[in-house]
Amino acid sequence: MNNVKKLTFIAIAVAINIVGSKLALLFNLPIFLDSIGTMLAGIAIGPFAGALTALVGGLINGVLGDIYAIYFSLSGMLMGIMAGLLLHNRKHTILSIVWKNILIVLPASALSACIETFLFGGITSAAVTTFIVQALAQTGLKLLGSSFLTQFVTDYIDKLIAIVLVEACLKRLPYELTNFAKKDISPNEI
């Protein structure tokens, strides 16, 4: 039963990622909103669930028309793993979320910058960030530096919003929905 509950939770988290991604593209937002589900799964279930959510969400978004999402799902997986490692089963304050978010975003932003630079020449499905990357690439930062700086800033804001939303939701959801620890089976249930 516990595995079914986890898989159902991950499926809902994937759906949240897809809806968030489509909203960000529809409204041409400078943030992505494609990792709220990833943060939810990583924080509620653990690192593997966060990574799996990002991978499946990225693949589905790719099939639905955002081909970039397939490649960037690798950095999403890294964020899901980091969120699970740093935030799963832990008490959080706003200050701890602010600094742990740096640890979540930093390695994934470096990976995203490499993907954006070497695979796509600084172009992604997010028009606003693509414009910023291309503009900054004309400075001393060059393309890789501008990709990293833009990715880090947008990822930091995006993931901070996601984590705060997830933490607020997890506090309000019933314990039975978000607790994945195996319960003892009473003799009457056998």
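Now for a quick tour of the structure. Because the structure is predicted, anything quoted here is derived from the model rather than measured.

So, the packing of aromatic side chains
At step 1: Applying the stated criterion to the full structure yields six aromatic pairs.
At step 2: Seen from their ring centres, Y71 and F120 are 5.2 Å apart, and the 75 degrees between their planes marks the pair as edge-to-face. One end of the pair, Y71, is in helix α4 (residues 67–87); the other, F120, is in the loop between α5 (94–119) and α6 (127–136), with 49 residues separating them in the sequence.
At step 3: On the basis of relative accessibility, which here comes to 36%, the residue Y71 falls in the partly exposed class.
At step 4: Considering the side-chain rings of F72 and F120, the 6.2 Å spacing of their centres and the 25 degrees angle between planes classify their relative orientation as stacked. Here F72 is found in helix α4, whereas its partner F120 is found in the loop between α5 and α6, with 48 residues between them in sequence.
At step 5: In this structure F72 comes out as buried when scored by relative accessible area, which is 15%.
At step 6: Looking at F120, the relative accessible area reads 19%, which means it is buried.
At step 7: A network of ring pairs unites the aromatic residues Y68, Y71, F72 and F120 as a single cluster.
At step 8: For the cation-ring pair, K5 lies above F180, with the distance from its terminal atom to the ring centre recorded as 5.2 Å.

Comments concerning the side chain of N17
At step 1: Its place among the elements puts N17 in helix α1 (residues 2–26).
At step 2: The exposure class assigned to N17 is buried, which follows from its relative accessible area of 2%.
At step 3: A polar side-chain atom of N17 sits 3.4 Å from the main-chain amide nitrogen of I36.
At step 4: Within the structure, N17 has its side chain in polar contact with the side chain of T38 (distance 2.8 Å).
At step 5: Dropping the residues within four chain positions of it, N17 is found in contact with L33, D34, S35, I36, G37, T38, T53, A54 and N61.

What counts, and at which threshold
Residues numbered from 1 in each chain as written. Predicted model: local features only at pLDDT ≥ 70, side-chain atom pairs only at ≥ 80, totals over all residues. Heavy atoms only, no water. Phe/Tyr/Trp six-rings, centres within 6.5 Å; stacked < 30°, edge-to-face > 60°. Helix = DSSP H or I, 4+ residues; strand = E, 2+ residues; numbered from the N terminus. Buried < 20%, exposed > 50% of the residue type's maximum accessible area, 1.4 Å probe, protein only. Lys NZ or Arg CZ within 6 Å of the ring centre and 35° of its normal. Polar contact = N/O pair within 3.5 Å; in protein donor to acceptor, adjacent residues only side chain to side chain. Contact = heavy atoms within 4.5 Å.

Read these as geometric descriptors, not functional statements.
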